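Structural characterization, general
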Amino acid sequence: MNGALSKSMHPVDVANRIIDSGASEQPNRLTNELSVVVDDVAVVESFSHCWALRTEEGLVCVDTSNAHTGTAVVEALRGWTDEPFHTLIYTHGHLDHVGGSGAFAADANRNGISRPRVVAHKALPVRLERYRATAGWNLAINRRQFGGVKAGVGLIGAGENFVPRDVVEPDTTYDEIAHVSVGGRDLELHHARGETDDHTWVWDPRDRSVYSGDFVLWVFPNAGNPQKVQRYPVEWAAALRKMIAIGAEQVYPAHGLPIVGRQRVELVLGDIAEALEFLADSTLALMNEGATIDDIIHSVRVPEHLRDQPWLVPQYDEPEFVVRNIYRQFGGWWDGNPANLKPAPEAAVAAEVVALVGSVDLLVNRALALADEDDVRLACHLIEMAVTAEPESESAQKARADIYWLRRAAERSLMSKGIYTAAARESEAALLENRVVE
Ligand SMILES: [Zn+2]
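Residues numbered from 1 in each chain as written. Predicted model: local features only at pLDDT ≥ 70, side-chain atom pairs only at ≥ 80, totals over all residues.

**Some thoughts on the overall build of the chain**
- If you tally the helices and strands in the chain, you get 17 helices and 13 strands.
- Its C-alpha radius of gyration of 24 Å places the chain within 12% of the 22 Å reference for a compact globule of 438 residues.
- Oriented by its inertia axes, the alpha-carbon framework of the chain measures out at about 80 × 50 × 40 Å.
- Counting the 438 residues in the chain, one finds 45% classified as buried.
- In the chain, 69% of the contacts between residues at least 6 apart in sequence involve partners at least 24 apart. (Helix = DSSP H or I, 4+ residues; strand = E, 2+ residues; numbered from the N terminus. Rg over C-alpha atoms; globule rule 2.2 N^0.38 Å. Buried ≥ 20, exposed ≤ 12 C-beta atoms within 10 Å, placed from the backbone. Contact = placed C-beta atoms within 7 Å.)

Printed below as a string of structure tokens:
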């Protein structure tokens with residue numbers, strides 16, 4: 001992608017420039033290139049990064065990237081050192097962090113030595129089990145999230161097996177805190193819930209470095225994802241506060257760029273924590289006043305001074321979804337609308353509305369007019385009713401595709417773009433099918 005460019009730019013230099021000047025540069029570089037960050041510590045920037053520490057007994061690696069990039073990551077590490085992989089630490093069980101572990105085991109195999117020890121939080125194997133039980137669901141939502149409805153488009157997972165067959169299961173798990181000593185390096189593993197329930201961040205007291213996994217993403221925290229299980233914004237913020245309090249002078253994340261220097265650590269981690277705390281406090285305050293999720297999502301916003309920070313860009317997840325996850329965590333799934341507690345089928349509601357309006361085309365025309373007037377949120381409700389009432393209506397499907405392409409163009413987050421793209425493509429596929437039938 002930007003390989004030639006990134007080769008000449010050390011990740012710490014890029015990070016310092018962005019943090020010190022607020023420059024908007026792409027912090028996530030999927031180059032599979034290795035950079036030495038400080039003596040004996042290197043990073044391979046990839047789909048998720050692999051951080052490697054050289055010790056007297058071999059390498060400790062934090063995360064392994066994904067199934068498709070694991071081999072390239074191991075090759076990059078081998079260009080740096082041929083010392084054996086002694087220990088792998090998984091920050092959490094997302095497949096872009098553990099999916100590359102097979103390549104690390106294969107490297108040990110090639111060298112005729114035993115595969116590295118794998119350390120993780122005790123909830124991580126439970127997560128992998130859940131992924132195996134819901135492989136079809138996970139493949140489908142990832143295809144949608146990453147932009148399409150066509151098979152094979154998703155970036156994560158391996159064929160029909162969501163969890164690649166060669167993923168190495170942890171052989172050492174821990175509960176709240178673990179001490180890992182390898183070749184003169186003493187590391188502390190801290191558990192905290194955030195993006196996941198099985199998350200670990202690593203503290204190296206000698207270097208005063210934190211390996212933060214996905215607690216720092218260089219985009220707005222992935223704490224709201226509409227298609228995934230519960231995330232933990234409040235605990236996420238608390239973990240960031242703890243990293244600051246423990247005295248971190250470097251923070252090495254699994255996505256984006258290294259944060260080097262106490263002031264930069266305080267600024268970036270402090271901003272992320274503040275954004276999450278603000279969303280949580282505001283949402284809980286409104287819930288305590290009896291507000292519904294409808295009231296809350298239309299009133300809670302990230303404070304102005306945090307909105308344009310380069311490490312809080314809503315490019316992947318977005319604040320509105322985080323608000324929903326806070327509501328779900330503390331309030332359950334009911335939205336406060338009594339009709340939605342035990343609803344009629346959506347098709348019955350839509351048919352009733354179409355009958356009242358007089359025809360599906362009137363509804364379609366109003367949807368298009370609203371989209372034209374930039375009220376695309378409202379337009380989507382009407383067009384969904386139109387196609388739900390009459391899925392075979394060509395004008396409804398055509399308008400639906402147009403409206404969702406329009407909506408996609410106005411969105412910033414990958415999650416919204418992915419879902420709206422999938423909807424547009426679904427209508428295009430329905431139109432194509434109708435034509436074949438005719
Ligand atoms: Zn990640």
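**Brief notes about the pairing of strand E1 (residues 33-38)**
- Examined bridge by bridge, E1 and strand E2 (residues 41-45) share five bridges and lie antiparallel to one another. Its bridge partner lying in E2, Ser35 is registered against Val43.
- Hairpin connection of E1 to E2: two residues between the antiparallel strands, including Asp40 at a positive phi of 70°. (Pairing = 2+ DSSP bridges.)

**Description of unusual backbone geometry**
- If you check the backbone angles, Arg208 has positive phi at about 55° while not being a glycine.
- Along the chain, the position of Arg208 falls in the loop between strand E10 (200-204) and strand E11 (209-213).
- Taking the number of C-beta atoms within 10 Å as the measure of exposure, Arg208 has 14 and is therefore partly exposed.
- Phi is positive for Trp218, close to 65°, though the residue is something other than glycine.
- Tracing the backbone through its elements, the reader meets Trp218 in the loop between E11 and helix H8 (233-245).

**So, the sheet that holds strand E6 (residues 117-121)**
- The strand order E1-E2-E3-E4-E5-E6-E7 describes an open sheet built from seven strands, whose pairing is mixed. The open sheet has two edge strands, E1 and strand E7 (172-174), and neither has a second partner. Recorded for the sheet is a direction-independent mean angle of 20° between the axes of neighbouring strands.
- The pairing of strand E4 (residues 58-62) with strand E5 (residues 85-89) spans four bridges and is parallel. Counted as the bridge partner of Leu59 is Phe85 from E5.
- The strands touched by helix H5 (residues 101-110) within the sheet are E4, E5 and E6, with E5 carrying the most contacts at an inclination of about 165°. (Axes fitted to C-alpha atoms, helices over the stretch in contact; angles between N-to-C directions.)

**Observations regarding the domain arrangement of the chain**
- As far as domains go, the chain holds domain 1 (3-274) and domain 2 (344-437).
- Taken together, the contact between domain 1 and domain 2 spans eight residues of the former and nine residues of the latter.
- The residue inventory of the side of domain 1 that touches domain 2, partitioned by class, reads three nonpolar, four polar and one charged. (Domains from an automatic or database assignment. Nonpolar A, V, L, I, M, F, W, Y, C, P; charged D, E, K, R; others polar.)

**Things to note about the nonpolar core**
- Formed by 117 residues in total, the largest nonpolar core has its most connected members in Cys61, Ile272, Ala367, Ile383 and Ala386.
- Each of domain 1 (3-274) and domain 2 (344-437) gives at least three residues to this core. (Core = buried A, V, L, I, M, F, W, Y, C linked by C-beta atoms within 7 Å.)

**Digging into the sheet that holds strand E9 (residues 185-191)**
- With mixed pairing, six strands are arranged side by side in an open sheet as E8-E9-E10-E11-E12-E13. Bordering the open sheet on either side are strand E8 (177-182) and strand E13 (259-260), each of which pairs with just one other strand.
- The pairing of E10 with E11 spans three bridges and is classified as antiparallel. The partner of Trp203 across the bridge, within E11, is Val210.

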